[in-house]
Amino acid sequence: MVRILLAEDDESMRTYLARALERSGYEVVSVENGRDALPHIDSDRFDLLLTDIVMPEMDGIELAQHAASVAPDMRIMFITGFAAVTLKAGKAVPQAKVLSKPFHLRDLVLEVERMFGAESVPASTDQP
């Protein structure tokens, strides 16, 4: 199962994203900022870091750079509502995917599925 670490400072957005990803068959650990994500990155294994860019204490770019150094196989996807920040993220972490807010949850799930291919699609449970 694909494991996702979600760092998003907006509580309602964090809950909304985590539920959508969990309903799509992903295991999600969510935290409210980059600093809270650090111990998870340092002590656990995740397939994807899904992070807002603009957050207090530690922004998503700093978090992604740390993740890339500690867990180079972890994929990174930024979510942001700020166009100028998107350019900065692309330069700082060029291998990362950037999803601009607002986006539909279906678009997020499709992007995650594209990143992981067949390994991210959970087995169907509605077969007899």
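Residues numbered from 1 in each chain as written. Predicted model: local features only at pLDDT ≥ 70, side-chain atom pairs only at ≥ 80, totals over all residues. Heavy atoms only, no water.

## Looking at helix H2 (residues 34–43)
So, step 1. Restricting attention to buried positions, one finds in H2 the residues Gly34, Ala37, Leu38 and Ile41. The arc that holds the buried residues of H2, viewed along the axis, is 120°, so those residues lie on one side.
So, step 2. N-cap assignment for H2: the residue whose side-chain oxygen lies 3.0 Å from the backbone N of Arg35 is Asn33. (Buried < 20%, exposed > 50% of the residue type's maximum accessible area, 1.4 Å probe, protein only. Helix = DSSP H or I, 4+ residues; strand = E, 2+ residues; numbered from the N terminus. Arc of directions from axis to C-beta. Polar contact = N/O pair within 3.5 Å; in protein donor to acceptor, adjacent residues only side chain to side chain.)

## Thoughts on the packing of helix H1 (residues 11–23) against helix H5 (residues 105–116)
So, step 1. Packing of H1 against H5 leaves a shortest axis separation of 10 Å and a crossing angle of 55°. Relative to H5, the element H1 lies oblique. In the packing of H1 onto H5, the handedness of the crossing is right-handed. When H1 is examined against H5, the residues Tyr16, Leu17, Ala20 and Leu21 are found in contact with a partner set consisting of Leu105, Leu108, Val109 and Val112.
So, step 2. Its residues placed into classes, the contact of H1 with H5 shows eight nonpolar, no polar and no charged. (Axes fitted to C-alpha atoms, helices over the stretch in contact; angles between N-to-C directions. Parallel < 35°, antiparallel > 145°, perpendicular 65-115°, else oblique. Left-handed = near helix turned anticlockwise from the far one by under 90°. Contact = heavy atoms within 4.5 Å. Nonpolar A, V, L, I, M, F, W, Y, C, P; charged D, E, K, R; others polar.)

## A few points about the UniProt feature "modified residue: 4-aspartylphosphate" (unreviewed entry) in the protein
So, step 1. Under the UniProt annotation, "modified residue: 4-aspartylphosphate" (unreviewed entry) lies at Asp52.
So, step 2. Within the fold, Asp52 resides in strand E3 (residues 48–52).
So, step 3. Apart from residues lying up to four places away in sequence, Asp52 is in contact with Ala7, Glu8, Asp9, Gly60, Ile79, Thr80 and Lys101. (UniProt positions renumbered as here; feature names shortened; annotations may be inferred.)

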